[in-house]
Amino acid sequence: MEFVIASHNQKKIREIAAILGTLGISFEPLPGGAPEPEETGPTFEENALIKARAACALTGKPAIADDSGLAVDALGGAPGIYSARYCEGSDLDRNAFLLRSMEGIPDGRRQAWFVSAVACAFPNGDALTVRGECGGEILREAHGAGGFGYDPLFWYPPAGCTFAELPAEEKNRVSHRARALQKMKQALGEYYAEQ
């Protein structure tokens, strides 16, 4: 069976395919030039479902979509669903903006959560949605060159390093997206067992 991953983000596509690839499903990216729908939902789950349904409608194939972001307790959950649009520019710009937003917030109050909602939409109208979270802290400066997004600022205490310093295989085992995708793997297995 072939699924579409509803994203143009190559790093995200690789993570999703690596984790779900053990199901015996093949994955292809969203076709080049395909528009990504406007994320108008108020939650990660609703935005993931919007993207999955749009990709499914476009391709006629089951589609997997992820909507993820960073929720910082001291910022009232921001940037949250707006993580990729927190400010104009690149990942570096967003990281710099986050650090400026957190100036004056003391150590011990810099807790944050990476959140990932993963949705799967099927051509028959069925849909599955799951959520994964991973807790950590926001550092005062970036560390590491791996990962993407806010990974260089996100300190993950169990590993004693940032997500940007974790080897990809380890991140694919412990991250918010990994946790959500493990739940999706189980949900897909149960879904197909019932069909």
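The numbers attached to residues start from 1 for each chain and follow its sequence in the written order. Given that the model is predicted, a residue must reach a pLDDT of at least 70 before its local features are reported, and side-chain atom pairs must reach 80 or more before they are shown or counted; all residues, however, enter totals for whole chains, interfaces and linings. The side-chain quantities take in all heavy atoms of the structure and omit both hydrogens and water.

S.K.: If you had to explain the nonpolar core to someone new, which residues and values would you point to?
M.R.: Buried residues of nine kinds, namely Ala, Val, Leu, Ile, Met, Phe, Trp, Tyr and Cys, make up a nonpolar core once their side-chain atoms join them within 4.5 Å. Summary of the burial criterion: residues with accessible area below 20% of their type's maximum are buried, those above 50% are exposed, and those between are partly exposed, where the area comes from a 1.4 Å probe applied to protein chains only. Counting 20 residues, the largest nonpolar core has Ile64, Cys120, Leu128, Met184 and Leu188 as its most contacted members. Elements supplying a minimum of two residues to this core: strand 1 (2-5), helix 1 (10-20), strand 4 (111-121), strand 5 (127-138) and helix 5 (176-194). Helix and strand assignments follow DSSP, with helices taken as H or I runs no shorter than four residues and strands as E runs no shorter than two, numbered in order from the N terminus. It is helix 5 that provides the largest number of residues to this core, a total of seven residues. Tyr86, Tyr150, Leu153 and Cys161 belong to the second-largest nonpolar core, a separate cluster that totals 18 residues.

S.K.: Please give an account of the layout of surface pockets that cites residues and values.
M.R.: The space that makes up the largest pocket amounts to roughly 530 Å³. A cavity here means a set of 1 Å grid points, computed over protein atoms only, where a 1.4 Å probe fits but cannot escape. A pocket is an open set with protein on both sides within 12 Å along at least 5 of 7 lines, and lining residues have an atom within 4 Å of a point. What lines the largest pocket is a set of 26 residues, among which Asn9, Lys12, Ser68, Ala84 and Phe148 lie closest to the centre. When residues of the lining of the largest pocket are traced back to their parent elements, those giving at least two are helix 2 (44-59), strand 3 (63-72), helix 3 (91-101) and helix 5. Considering every element that reaches the lining of the largest pocket, the biggest residue donor is strand 3, with three residues. Taken as a whole, the second largest pocket spans an internal volume of roughly 180 Å³. Lining the second largest pocket are Lys11, Arg14, Glu15, Ala18, Gly147, Phe148, Phe163, Leu166, Pro167, Ala168, Lys171 and Asn172. Elements that contribute at least two residues to the lining of the second largest pocket include exactly helix 1 and helix 4 (168-174). Looking at which element gives the most residues to the lining of the second largest pocket, the answer is helix 1, with four residues. Grid points are joined across faces, edges and corners, and a volume is the space filled by probe spheres set on the points.

S.K.: Describe the packing of aromatic side chains, listing the residues and the values that go with them.
M.R.: Only rings of Phe, Tyr and Trp enter the pairing, Trp through its six-membered ring, and a pair is recorded when the two centres are within 6.5 Å. The plane angle decides the type: under 30 degrees is stacked, over 60 is edge-to-face, the rest tilted. Evaluation of the coordinates by the stated rule reveals ten aromatic pairs. Between phenylalanine 3 and phenylalanine 122, the ring centres sit 6.4 Å apart and the planes meet at 80°, which makes this aromatic pair edge-to-face. Separated by 119 residues along the polypeptide, phenylalanine 3 in strand 1 and phenylalanine 122 in the loop between strand 4 and strand 5 bring together distant segments of the chain. Ring-pair connections join several aromatic residues into one group, and the members of that group are Phe3, Phe27, Phe122, Tyr191 and Tyr192.

S.K.: Describe in detail the sheet that holds strand 5, supporting the description with residues and values.
M.R.: Pairing in this open sheet of seven strands is mixed, and the strands run 2-1-3-4-5-6-7 from one edge to the other. For this open sheet the edge positions go to strand 2 (26-29) and strand 7 (161-162), each flanked by a neighbour on one side alone. Where strand 3 and strand 4 come together, ten bridges link them in antiparallel fashion. Within the sheet, the bridge partner assigned to aspartate 66 lies in strand 4 and is valine 118. A contact between two residues is defined here by any heavy atoms of the two lying within 4.5 Å. Angles run from 0 to 180 degrees between N-to-C directions of axes, and those axes are lines fitted to C-alpha atoms, restricted for helices to the stretch in contact. The sheet contacts of helix 5 involve strand 1, strand 3, strand 4, strand 5 and strand 6 (154-156), and relative to strand 5 the element is tilted by about 160°. At least two bridges found by DSSP between two strands is the condition for calling them paired.

S.K.: Outline the state of the cysteines, listing residues and values.
M.R.: For this text, the term disulfide refers to a pair of cysteine sulfurs within 2.5 Å. All chains considered together, the criterion is met by zero disulfides. Cysteine 120 provides the cysteine sulfur closest to cysteine 56, a residue in no disulfide bond, and the two sulfurs are 8.0 Å apart. Residue cysteine 56 is classed as buried on the basis of its relative accessible area, which comes to 8%.

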